[in-house]
Amino acid sequence: MKIEITGDVYGVGDIHGDTSVLRLLIEFEDITDCTLILLGDIGIWRYRDYKHFLKFDQLCKERNIMCYAFRGNHDNPAFFYKPEEQSPIAKRFWDKFTNFKVIPDLTRIIINGANGIVIGGACSIDRSVRRSFISEYRRYGNLYKLNDWWEDETLPNTNGIDEKFDFILSHTGPRPPKCPPLTKDNCVFFKHDYFLNDYINSENKRLEEIREQFKPKRWWFGHYHINQAFDFIDTRCTAVDINYLTPIRM
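As the structure is a computational prediction, the values presented were derived from the model and not from experiment.

Some remarks on the sheet that holds strand 14 (residues 245-247)
Okay, so step 1: Pairing in this open sheet of five strands is mixed, and the strands run 5-4-3-2-14 from one edge to the other. Because the sheet does not close on itself, it has two edges, and the strands there are strand 5 (100-102) and strand 14. Along the sheet, successive strands turn relative to each other by an average axial angle of 25°, direction set aside.
Okay, so step 2: Summarising the sheet, strand 2 (residues 9-12) and strand 14 pair through three bridges and their orientation is antiparallel. The partner of V12 across the bridge, within strand 14, is L245.
Okay, so step 3: Together, strand 3 (34-39), strand 4 (65-70) and strand 5 form the strand contacts of helix 2 (residues 54-62), whose direction differs from that of strand 4 by roughly 140°.

Have a look at this one:
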């Protein structure tokens, strides 16, 4: 799957199902005629969550804003499959919107001529206090339930993609310098999850592998609830905070 976008494009940090601040920001800053890309943790868990996005979709339509969204670790992966793989319920969810569209994992995205890839998902450090659930889009009834943690929340398999990209858009990314490494001394979840350290280390290794595989010049992501631009080896990274907008341009 490939998406081509021209004009002004902004990455949006986690909104966790609450579009009210984002709608106010769009109106206050008089944002029009552009594209927004929600960088995961949209807050889509079950079918009826569509109600949270109806006013947002209408505002985008009125202001000629196209909004795309891909999954974070706090989104049900069943809603983020490719269109031809979606369940009837997931398709019914997205069909309710005109200017709010889904981006499946590993979608190629071209922004003003620059070539990029979308990589959803991340590890949840709080998984030990959330209910476990394996997302299966074929089990349509499960899409109605409020499920807190999905075993397939993590980064997708990028093996077999033999390309280089100018940029990456993802939910998680290299840990910003402002965020200290997670340890049992500063993260209470280590007390409840004996395998959390391995879980985190595995993701960090995968992020390093992804950077080496694609060698992007730029990388934008949310997840850390912080605003910071920094260098990760020779890639310029931008972490985007909750409800913040940042320009996506090379």
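So, next bit.
Concerning helix 4 (residues 196-214)
Okay, so step 1: For helix 4, which comprises 19 residues, the first-to-last C-alpha distance of 27 Å matches the rise-based estimate of 27 Å (1.5 Å per residue) to within 8%.
Okay, so step 2: When helix 4 is considered as a whole, its buried residues turn out to be L196, Y199, I200, E203, L207, I210, R211, Q213 and F214. Buried positions in helix 4, seen along its axis, are confined to an arc of 165° and lie on one side of it. Across from the buried face of helix 4, at angles greater than 90 degrees, the exposed residues are D198 and K205.
Okay, so step 3: In the stretch just after helix 4, K215 is the one whose phi turns positive, near 50°.

Some thoughts on the sheet that holds strand 11 (residues 218-221)
Okay, so step 1: The strand order 1-6-7-10-11-13-12 describes an open sheet built from seven strands, whose pairing is mixed. Each edge of the open sheet carries a strand with a single partner, namely strand 1 (2-5) and strand 12 (228-232). Strand-to-strand, the axes of this sheet are offset by a mean angle of 20°, without reference to chain direction.
Okay, so step 2: Here five bridges tie strand 12 to strand 13 (residues 235-239), and the two strands are oriented antiparallel to one another. Note that in strand 13 the partner of F232 across the bridge is T235.

Overview of the packing of aromatic side chains
Okay, so step 1: In this structure the tally under the stated criterion is 16 aromatic pairs.
Okay, so step 2: Between F53 and F100 the ring centres are 5.0 Å apart and the planes differ by 20°, which places this aromatic pair in the stacked class. Residue F53 is located in the loop between strand 3 and helix 2, and its partner F100 is located in strand 5; the two are separated by 47 residues in the primary sequence.
Okay, so step 3: For F53, a relative accessible area of 0% gives the class buried.
Okay, so step 4: Under the relative-accessibility criterion, F100 is labelled buried at 0%.
Okay, so step 5: Ring centres of F93 and W94 lie 5.1 Å apart, and the angle between their planes is 75°; on these two criteria the pair is classed as edge-to-face.

Description of the environment of I103
Okay, so step 1: Of note, I103 is situated in the loop between strand 5 and strand 6 (108-111).
Okay, so step 2: Exposure remark for I103: the relative accessible area of 1% places this residue in the buried category.
Okay, so step 3: The spatial distance from the C-alpha of I103 to the C-alpha of I3 is 8.7 Å, given a sequence separation of 100 residues.
Okay, so step 4: Aside from chain neighbours lying at most four places away, what touches I103 is I3, I37, Y68, A69, F70, F80 and V118.

Remarks on the side chain of E153
Okay, so step 1: Mapped onto the secondary structure, E153 falls in the loop between strand 9 (149-150) and strand 10 (167-170).
Okay, so step 2: Of the polar contacts made by the side chain of E153, one reaches the side chain of S124; its length is 2.6 Å.
Okay, so step 3: Each residue touching E153, except ones within four places of it in the same chain, is listed here: R71, N73, G121, A122, C123, S124 and Y199.

Topic: the pattern of salt bridges
Okay, so step 1: Throughout the structure, instances matching the rule amount to 13 salt bridges.
Okay, so step 2: In this structure, the salt-bridge partner of K217 is D166, at a minimum N-O distance of 3.3 Å. Remark: D166 occurs in the loop between strand 9 and strand 10 and K217 occurs in the loop between helix 4 and strand 11; sequence separation between them is 51 residues.
Okay, so step 3: The exposure class assigned to D166 is partly exposed, which follows from its relative accessible area of 22%.
Okay, so step 4: Overlapping salt bridges bring together R211, E212, K215 and D234 as one network.

Some details on the layout of surface pockets
Okay, so step 1: For the largest pocket, the calculated volume is near 420 Å³.
Okay, so step 2: For the lining of the largest pocket, the residue count by class is seven nonpolar, seven polar and five charged.
Okay, so step 3: Estimates place the volume of the second largest pocket at around 190 Å³.
Okay, so step 4: Lining the second largest pocket are R71, P77, F80, Y81, K82, E85, P104, D105, L106 and D152.
Okay, so step 5: Grouping the constituent residues of the lining of the second largest pocket by class yields five nonpolar, no polar and five charged.

Cut-offs used in this document
Residues numbered from 1 in each chain as written. Predicted model: local features only at pLDDT ≥ 70, side-chain atom pairs only at ≥ 80, totals over all residues. Heavy atoms only, no water. Pairing = 2+ DSSP bridges. Helix = DSSP H or I, 4+ residues; strand = E, 2+ residues; numbered from the N terminus. Axes fitted to C-alpha atoms, helices over the stretch in contact; angles between N-to-C directions. Contact = heavy atoms within 4.5 Å. Expected span 1.5 Å × (residues − 1). Buried < 20%, exposed > 50% of the residue type's maximum accessible area, 1.4 Å probe, protein only. Arc of directions from axis to C-beta. Phe/Tyr/Trp six-rings, centres within 6.5 Å; stacked < 30°, edge-to-face > 60°. Polar contact = N/O pair within 3.5 Å; in protein donor to acceptor, adjacent residues only side chain to side chain. Salt bridge = Lys/Arg side-chain N within 4 Å of Asp/Glu carboxyl O. 1 Å grid on protein atoms, 1.4 Å probe; cavity = no way out; pocket = protein on both sides within 12 Å on 5 of 7 lines; lining within 4 Å. Points joined across faces, edges and corners; volume = space filled by probe spheres on them. Nonpolar A, V, L, I, M, F, W, Y, C, P; charged D, E, K, R; others polar.

Such coordinate-based values are descriptive only and should not be taken to indicate function.
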